[in-house]
Amino acid sequence: MYGNFMLIKMQVDSGDIGELQVNVVDSNNAPVQGAKVIIRRPRQLGDQQQNQVQEVEQLRTDVSGQTEVVDLDTPPLELSLNESNELKPYANYDVEVDAEGYEVENIENVEILSNELSIQNVKLRKTEGEGVENINISPHTLYYEYPPKIPEDKIKDVGEPGEIVLSRVVVPEYVVVHDGAPSSNAKDYYVTYKDYIKNVASSEIYATWPQATLEANILAIMSFTLNRVYTEWYRNKGYDFTITSSTAYDQKWIFGRNIFESISLVVDNIFDQYLSLPDVRQPILTQYCDGKRVTCPNWLSQWGSCNLGEQGYSTLEIIRNYYGDDMYINTAEQISGIPASWPGYNLDIGASGQKVQQLQEQLATIAAVYTAIPRVAADGIYGERTQEAVKAFQKIFDLPQTGIVDFATWYRISQIYVGITRIAEGIPR
């Protein structure tokens, strides 16, 4: 055992680097400026000073509640691409966040992968005593052994009288996650759909994998989730939640965990999609397994999909390799909780009209909270000032800083706008 820990320690010091940024908001989702953020490297068996924790960085959040991006040592990139590897391919760091007037927040075992930006979102609570909240991020599913998925039919029989079933496929604004097995006395969490998908993907696959592999796996995760939503699977069984965090029943979701930028960007670009079969209305319950500890014929193999991606397979080719040649990518008929849908084309310098005015109005509301975003007049004309505001928004919310409002930027602006206006109207969530 001692030797294994020493090997892991040496691998972390291999010379590879990953990145971490910490984003801090309050219970109203407003940025917290000036929060002290301490990043520590947990002690490991074999360290000469086992009673001490190594402090790596001490940072302060800016006006947008963000720290600068810091470089951290990680194991070699190759470990996360090689299924025969038994070593942990990511490094763990602890993060402490302390701001005046708020309770201290400790997040243990934040995962850092080589060549990847890890984003740790932190929500602080107002001080109500000397409370300290501790979040311990459990290990990644590809490294730690969790219960395997209990097989289910990929298409649900929803024709029984009395069942609640949606009439069309809708991307929900929120899902309710039961943090345990269905019958357990576990806590339920309201999580936005996109944040849920990003969390599960960061827990289930490695962000270092090829783009097509990330997209194929995320499509499987989204289709699985939308099947639970569409069929009201758990509510039809008398439960008050959408899905669980149990790998035996659903997918791994970890409260408070970090997400990875590459995964976040994929989700932002395809979050309205799912997997379909001809003449089947419901999203397919696309089950999967790691393909290493557990094999699953006719399900997606996570490690196998990595290998196919490295061989140059496309997203759809990877999907059909596992789920069959008749599987195709579909688009949801509705996205819930947004004030206006994307116009269907990018907004850039020279654009004008109602959609530009809607965009400007939303940016102005967001800029009242995120003051690093320049204020813009809602004149319906996409000029340089609007472009600057869009770039500032993209920087804060980890999107490519193009100044162009594409699909991903439009819906991220909508998500943040809705969150801010709900808080202002006193609507709890």
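Our structure is the block above this text.
The sections below set out a description of the structure shown in this document. (Residues numbered from 1 in each chain as written. Predicted model: local features only at pLDDT ≥ 70, side-chain atom pairs only at ≥ 80, totals over all residues. Heavy atoms only, no water.)

### Concerning the overall build of the protein
From N to C terminus, the protein includes nine helices and 18 strands. Per-residue burial over the protein gives 53% buried out of 429 residues. For the protein, the share of sequence-separated contacts (at least 6 apart) that also reach a separation of at least 24 residues comes to 71%. Working note: accessible area of the protein is about 18,900 Å², and carbon and sulfur atoms make up 45% of it. (Helix = DSSP H or I, 4+ residues; strand = E, 2+ residues; numbered from the N terminus. Buried < 20%, exposed > 50% of the residue type's maximum accessible area, 1.4 Å probe, protein only. Contact = heavy atoms within 4.5 Å. Areas by Shrake-Rupley, 256 points an atom, 1.4 Å probe, with all protein chains shown as cover.)

### So, the state of the cysteines
Enumeration according to the criterion identifies one disulfide in this entry. Across a sulfur-sulfur distance of 1.9 Å, cysteine 289 and cysteine 296 are joined as a disulfide pair. On the sign convention where negative is left-handed, the bridge of cysteine 289 and cysteine 296, at about -85° about the S-S bond, is left-handed. Overall, cysteine 289 belongs to the buried group, its relative accessible area being 7%. (Disulfide = S-S within 2.5 Å.)

### With respect to the nonpolar core
In terms of nonpolar packing, the biggest core is built from 84 residues, with Tyr196, Ile218, Ile263, Ile373 and Phe393 touching the most fellow members. With 12 residues, helix α3 (residues 211–231) is the single largest residue contributor to this core. What isoleucine 373 contacts, discounting residues up to four positions off in sequence, is Ile366, Ala367, Ala389, Ala392, Phe393 and Ile396. Grouped together as the second largest cluster of nonpolar side chains are 24 residues, Val22, Ala35, Ala99 and Ile135 included. (Core = buried A, V, L, I, M, F, W, Y, C linked by side-chain atoms within 4.5 Å.)

### Observations regarding the pattern of salt bridges
Overall, the coordinates contain 14 salt bridges when judged by the stated rule. Two residues, glutamate 111 and arginine 257, come together in a salt bridge whose shortest N-O distance is 2.9 Å. Of the two residues, glutamate 111 is situated in strand β6 (residues 104–112) and arginine 257 in the loop between β12 (243–244) and β13 (259–260); the sequence distance between them amounts to 146 residues. The closest approach of N and O atoms between aspartate 268 and lysine 194, which form a salt bridge, is 3.3 Å. Note that aspartate 268 is positioned in helix α4 (residues 261–270) and lysine 194 in helix α2 (residues 193–204), a separation of 74 residues in sequence. By relative accessible area, which is 7% here, lysine 194 ends up buried. Residues participating in the shared-partner salt-bridge network are Lys149, Glu152, Lys156, Arg228 and Asp250. (Salt bridge = Lys/Arg side-chain N within 4 Å of Asp/Glu carboxyl O.)

### Quick word on the packing of aromatic side chains
Under the counting rule described, the total for this entry stands at 17 aromatic pairs. Judged by centre distance (4.9 Å) and plane angle (65°), the ring pair of tyrosine 144 and tyrosine 146 falls under edge-to-face. Between tyrosine 234 and tyrosine 239, the ring centres sit 6.2 Å apart and the planes meet at 65°, which makes this aromatic pair edge-to-face. Taken together, the ring pairs in this structure connect Phe271, Trp342, Phe407 and Tyr411 into an aromatic cluster. Seen from the ring of tryptophan 233, lysine 156 lies directly overhead, with NZ or CZ sitting 4.1 Å from the centre. (Phe/Tyr/Trp six-rings, centres within 6.5 Å; stacked < 30°, edge-to-face > 60°. Lys NZ or Arg CZ within 6 Å of the ring centre and 35° of its normal.)

### Digging into the sheet that holds β13
Here four strands make up an open sheet; going across it, the order is β4-β1-β7-β13 and the pairing mixed. Edge positions in the open sheet fall to β4 (70–74) and β13, since each of these has one partner strand only. Alignment of strand β7 (residues 117–123) against β13, held across two bridges, turns out to be antiparallel. Across the sheet, isoleucine 119 pairs through a bridge with isoleucine 259, a residue of β13. (Pairing = 2+ DSSP bridges.)

### Comments concerning the sheet that holds β12
Spatial strand order, β11-β10-β12: three strands in an open sheet with mixed pairing. Each end of this open sheet is capped by a strand with a single partner; those strands are β11 (188–192) and β12. The strands touched by α2 within the sheet are β10 (174–178), β11 and β12, with β11 carrying the most contacts at an inclination of about 105°. (Axes fitted to C-alpha atoms, helices over the stretch in contact; angles between N-to-C directions.)

### What about the side chain of threonine 141?
As for its placement among the helices and strands, threonine 141 is situated in the loop between β8 (132–136) and β9 (170–171). A relative accessible area of 10% places threonine 141 in the buried class. Of the polar contacts made by the side chain of threonine 141, one reaches the backbone oxygen of serine 203; its length is 3.0 Å. At 3.3 Å, the side chain of threonine 141 forms a polar contact with the side chain of glutamate 204. (Polar contact = N/O pair within 3.5 Å; in protein donor to acceptor, adjacent residues only side chain to side chain.)

### Brief notes about the side chain of arginine 412
For arginine 412, the location among the structural elements is in helix α9 (residues 407–424). Judged by relative accessible area, arginine 412 falls into the buried class, the value being 8%. For arginine 412, the contacting residues outside a window of four places in its chain are Lys194, Lys198, Ser264, Asp268, Phe393, Phe397 and Leu399.

### Section: helix α6 (residues 315–323)
Among the residues of α6, Thr315, Ile318, Ile319, Tyr322 and Tyr323 are the ones counted as buried. Projected down its long axis, α6 carries its buried residues within an arc of 105°, all on one side. Check the buried side of α6 and you find it contacts α3, β14 (273–276), β15 (288–289), β16 (300–301), α5 (302–310) and β17 (328–331). (Arc of directions from axis to C-beta.)

### A few points about the environment of isoleucine 119
In this structure, isoleucine 119 sits in strand β7. Isoleucine 119 sits in the buried class, given a relative accessible area of 2%. When residues no more than four places from it in sequence are discounted, the contact partners of isoleucine 119 are Gln21, Asn23, Asn258, Ile259, Glu261 and Asp398.

### A closer look at the packing of α3 against α4
Two elements in contact, α3 and α4, have axes whose closest approach is 10 Å; the angle formed by their N-to-C orientations is 60°. As judged from the angle between their axes, α3 and α4 are oblique. The element α3 and its partner α4 pack so that their crossing is right-handed. Across the interface between the two elements, Gln211, Leu214, Glu215, Ile218, Leu219 and Met222 of α3 pack against Ser262, Ile263, Val266, Val267 and Ile270 of α4. Taken together, the residues of the contact of α3 with α4 break down into eight nonpolar, two polar and one charged. (Parallel < 35°, antiparallel > 145°, perpendicular 65-115°, else oblique. Left-handed = near helix turned anticlockwise from the far one by under 90°. Nonpolar A, V, L, I, M, F, W, Y, C, P; charged D, E, K, R; others polar.)

Note that every value here comes from positions in space, so none of it alone points to a role or purpose.
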